[in-house]
Amino acid sequence: TRPFELPDEAVQLRLDIQSALNERSALAGHKTHNYMEAMYLKQSAERAGFFDVVRLNTAGFLAETAVANLFFVKDGNLRTPAVSTGILPGVIRAEVMKIAEKHSISIEEGHYPTEDLKAADAVFLTNSSIGILPVSSINTKDSDLVFDVSHPMIHVLKVALATAKKRKSLALIHE
């Protein structure tokens, strides 16, 4: 095992355009426990001063980070790459999507080019260890994209996710 420390604040990411996720792989969308490539990408990002990398798939669409699912807010809608982009369909990703629907937040899954990030109001990551983690910026080869880490939608989703986790924990205790 290795220690895992959660960041106390929003994180910075780097766009990785060289290590495309193969959405046509027989292993796409499956948790194989072979984390070698992901750990290499994450460690490279950390050495450069970033929390993680945003990965594209071989078709050039946004996919995920080395260790998390990606969400962004654009035009008042919550968006996340579709499973068909080759991403791992995370447990917390699914929970956030359910929560969004319950709170009448429009949620769209799709194939998004990197240009969609340039117009995004907010970006956040999800996984079982970090829950919901806001992203302050994404470094691209051209510029740094800056996002609203205190966007109201992120706040609503974080509170609802914490409540859902507490409710599920209590349900397990009473079983």
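Here the structure is shown first, and the text comes after it.
If you're wondering where the values come from, they're calculated on a predicted model, not measured in any experiment.

## Description of the environment of Ile 92
Checked against the element boundaries, Ile 92 lands in helix α2 (residues 91-102). Look at Ile 92 and you get buried, because its relative accessible area is 8%. In sequence terms Ile 92 and Asn 127 are 35 residues apart; their C-alpha atoms lie 5.5 Å from each other. Discounting residues that sit within four places of it in the chain, Ile 92 has contacts with Thr 126, Asn 127, Ser 128, Gly 131, Leu 161 and Lys 165.

## A closer look at helix α1 (residues 36-47)
Relative to the 16 Å expected for 12 residues at 1.5 Å per residue, α1 spans 16 Å between its end C-alpha atoms, a close match to the ideal helical length. Residues of α1 that are buried include every one of Ala 38, Leu 41, Lys 42, Ser 44 and Ala 45, and no others. Projected down its long axis, α1 carries its buried residues within an arc of 160°, all on one side. Exposed side of α1, more than 90 degrees from the buried face: Met 36, Tyr 40 and Arg 47 are the residues found there. Looking at the buried positions of α1, the neighbouring elements they touch are β1 (11-21) and β2 (52-57). Gly 49 occupies a position one or two residues after α1 and carries a positive phi of about 95°.

Parameters at a glance
In every chain, residue numbers begin from 1 and rise along the written sequence. pLDDT decides what is reported in this predicted model: residues at 70 or higher carry local features, side-chain atom pairs at 80 or more are listed and counted, and totals for whole chains, interfaces and linings draw on all residues regardless. Each side-chain value is worked out from all heavy atoms of the structure, with water and hydrogens disregarded. Working definition: helices are DSSP H or I runs of at least four residues, strands are E runs of at least two. Numbering for both runs from the N terminus. Summary of the burial criterion: residues with accessible area below 20% of their type's maximum are buried, those above 50% are exposed, and those between are partly exposed, where the area comes from a 1.4 Å probe applied to protein chains only. Residues count as neighbours in contact if any of their non-hydrogen atoms are within 4.5 Å of one another. Expected helix span is taken as 1.5 Å per residue step, with the number of steps being one fewer than the number of residues. Directions from the helix axis toward the C-beta atoms define the arc.

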